[in-house]
Amino acid sequence: MAWINASFVAGASLAEVWCDALLMAGAISASVEDADAGTPAETPQFGEPGMENTPLWQNARISALFPEDSDILPCFAAISAQLHCPSPQPLLTRIEEENWVRLTQAQFEPIRVSSRLWIVPSWHEAPDPAALNIVLDPGMAFGTGSHPTTQLCLEWLEREVRPGMSLLDYGCGSGILAIVAAKLGAMPVHGLDIDPQAVFAARVNAQKNAVDIQVTETSESLLPRYDLVVANILANPLRLLAPAISARLRPGGRLALSGLLPEQAETIAEFYSAWILFDQSNEREGWVCLSGQKRDNTP
């Protein structure tokens, strides 16, 4: 079986309306992306909870996937008449049937974090059997080891974790940071996330890697204080959670915050300055990880 992908450019104000209409007309899927991607006019979108999002791109490329036998051009003409706008001339591309599972798996190769740490999808052989190999597949929760913020946090864990240290992964996603911490000897290791799917994914991943970590949606069963706390989230949640995250760290303990753009790092550091003395800032591919120590005699 084959499909036909129909793509065209529309103004941002009509993008969502077109997608809804195409789905109602029989499209299997419909998506929107920046038509100016890869050009100087490209407009990044950095949405965060509690933050006003930038409107959709000025020029939106809409792509809709149809069954091979669909009457696509008449469909477009009918939708245009309903929307009272000129009918676009979509670019039609035939897509042959693929083994999508194999194709998707081929996009995820083992990731070398350091000389001793690898993130390895379950369908791959470990490139270095003697290394610390973390088995992790792409799934429902953030954190496969490929994102710069995750790699910055993994490098921080390698520098800071010593056997017997307690650690909290605040906003644990897939559980990758908590799992690596446990593999490095941290104990106990706890993960906290408000997303039930992330909690489920982290527990499954912990079982795959044969580590004992506790993952919860609430803070009720957490320790009062930890030797190490890592939070790889986003700037706005990190700002709002500054008192709660800082309170989970013992005096003299170490904290790592990531998910920050360079222009956000100074502001976030100021929000934590009552509790944390930051002494390091690492940057990779436009993302920053701040790390520092909990001040003595602070709550």
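Summarised in this report is the structure supplied together with it. Along each chain, the written sequence defines residue order, and numbers are assigned to residues from 1. With pLDDT at 70 or above as the cut-off, local features in this predicted model cover only qualifying residues; side-chain atom pairs require 80 or more to be listed or tallied, and sums for whole chains, interfaces and linings still use all residues. The basis for every side-chain value is the complete set of heavy atoms in the structure, and neither hydrogens nor water enter the calculation.

1. Things to note about the sheet that holds strand S13 (residues 276-284)
Two strands qualify as a pair provided DSSP detects at least 2 bridges between them. Helix numbers and strand numbers start at the N terminus; a helix is a DSSP run of H or I with at least 4 residues, a strand a run of E with at least 2. Spatial ordering of the open sheet is given by S10-S9-S8-S11-S12-S14-S13, a layout of 7 strands whose pairing is mixed. Sheet topology places strand S10 (214-216) and S13 at the edges, where each strand pairs with a single neighbour. The mean angle between the axes of side-by-side strands here comes to 15°, regardless of whether they run parallel or antiparallel. Pairing between strand S12 (residues 249-260) and strand S14 (residues 287-294): 6 bridges, direction antiparallel. Looking at S14, one finds that Ser-258 is bridged to Cys-289. Axes, fitted as lines to C-alpha atoms, cover a helix only where it is in contact. Angles between the N-to-C directions of the axes lie from 0 to 180 degrees.

2. Some thoughts on the sheet that holds strand S5 (residues 111-112)
Spatially, 3 strands are ordered S5-S6-S7 in an open sheet, and the strand pairing comes out mixed. If you trace the sheet from one side to the other, it starts and ends with S5 and strand S7 (132-135), each paired once. Note that strand S6 (residues 117-120) and S7 share 4 bridges and pair parallel. Within S7, the position partnered with Ile-119 by the bridge is Ile-134.

3. A word on the nonpolar core
A general trend in soluble globular proteins is that nonpolar side chains are found buried together. The set of buried Ala, Val, Leu, Ile, Met, Phe, Trp, Tyr and Cys residues whose side-chain atoms join them within 4.5 Å is what this entry labels a nonpolar core. The buried label goes to any residue with under 20% of its type's maximum accessible area, the exposed label to any with over 50%, and the partly exposed label to all in between, with areas taken from a 1.4 Å probe on protein chains only. Core analysis: the biggest nonpolar cluster contains 34 residues, and Leu-154, Leu-157, Leu-167 and Ile-213 have the highest contact counts within it. For this core, the secondary structure elements donating two or more residues are S6, helix H4 (148-160), helix H5 (176-183), helix H6 (196-208) and strand S11 (226-232). Not counting residues within four places of it along the chain, the set of residues in contact with Leu-157 comprises Leu-167, Leu-177, Val-180, Ala-181 and Leu-184. Among the nonpolar cores identified, the runner-up in size contains 23 residues, and Ala-235, Leu-255, Trp-275 and Val-288 belong to it. Any pair of residues with heavy atoms lying within 4.5 Å of one another is described as a contacting pair.

4. Focus: the packing of H4 against H5
It is the contact of H4 with H5, at a shortest axis distance of 10 Å, that shows an interaxial angle of 20°. When the axis of H4 is compared with that of H5, the two are roughly parallel. Of the two elements, H4 crosses H5, and the hand of that crossing is right-handed. The segment H4 lies against H5, with Thr-150, Cys-153, Leu-154 and Leu-157 engaging Ile-176, Leu-177, Val-180 and Ala-181. Here the angle decides the label: under 35 degrees means roughly parallel, over 145 means roughly antiparallel, 65 to 115 means roughly perpendicular, and every other value means oblique. Crossing handedness follows the turn of the near helix against the far one: under a right angle anticlockwise gives a left-handed crossing, and clockwise gives a right-handed one.

5. Quick look at unusual backbone geometry
In this structure, the amide linkage connecting Met-187 to the following residue, Pro-188, adopts the cis form with an omega of -5°. With respect to the helices, strands and loops of the structure, Pro-188 is situated in the loop between H5 and strand S9 (189-192). In this model, His-84 sits at a positive phi of 55°, which is unusual for a non-glycine residue. Summarising the element assignment, His-84 is placed in the loop between helix H2 (72-83) and strand S4 (91-96).

6. A short note on the pairing of strand S8 (residues 167-170)
Burial along S8 is two-sided: the face carrying Leu-167 and Asp-169 and the face carrying Leu-168 and Tyr-170 are both buried. As defined by bridge partners, S8 adjoins S9 across 4 bridges and the pair is classed as parallel. Across the sheet, the residue bridging to Leu-167 is Val-189, located in S9. With its strands directed away from the observer, a crossover is right-handed exactly when the path from the first strand over the helix to the second travels clockwise. Taken together, S8, H5 and S9 constitute a β-α-β crossover, and its handedness is right-handed. In terms of strand pairing, S8 meets S11 through 3 bridges, oriented parallel. Its bridge partner lying in S11, Asp-169 is registered against Val-230.

7. So, the layout of surface pockets
Estimates place the volume of the largest pocket at around 530 Å³. Gly-171, Cys-172, Asp-193, Asn-232 and Ile-233 are, among the 27 residues lining the largest pocket, the residues nearest its centre. Going through the elements one at a time, H4, S8 and H5 are the ones with two or more residues in the lining of the largest pocket. Here the residues of the lining of the largest pocket sort into 15 nonpolar, 8 polar and 4 charged. Using only the protein atoms, space was sampled on a 1 Å grid; points where a 1.4 Å probe fits but cannot get out form cavities, open sets with protein on both sides within 12 Å along at least five of seven lines form pockets, and lining residues are those with an atom within 4 Å of a point. Grid points are joined across faces, edges and corners, and a volume is the space filled by probe spheres set on the points. Residues are grouped as follows: Ala, Val, Leu, Ile, Met, Phe, Trp, Tyr, Cys and Pro are nonpolar; Asp, Glu, Lys and Arg are charged; every other residue, Gly included, is polar.

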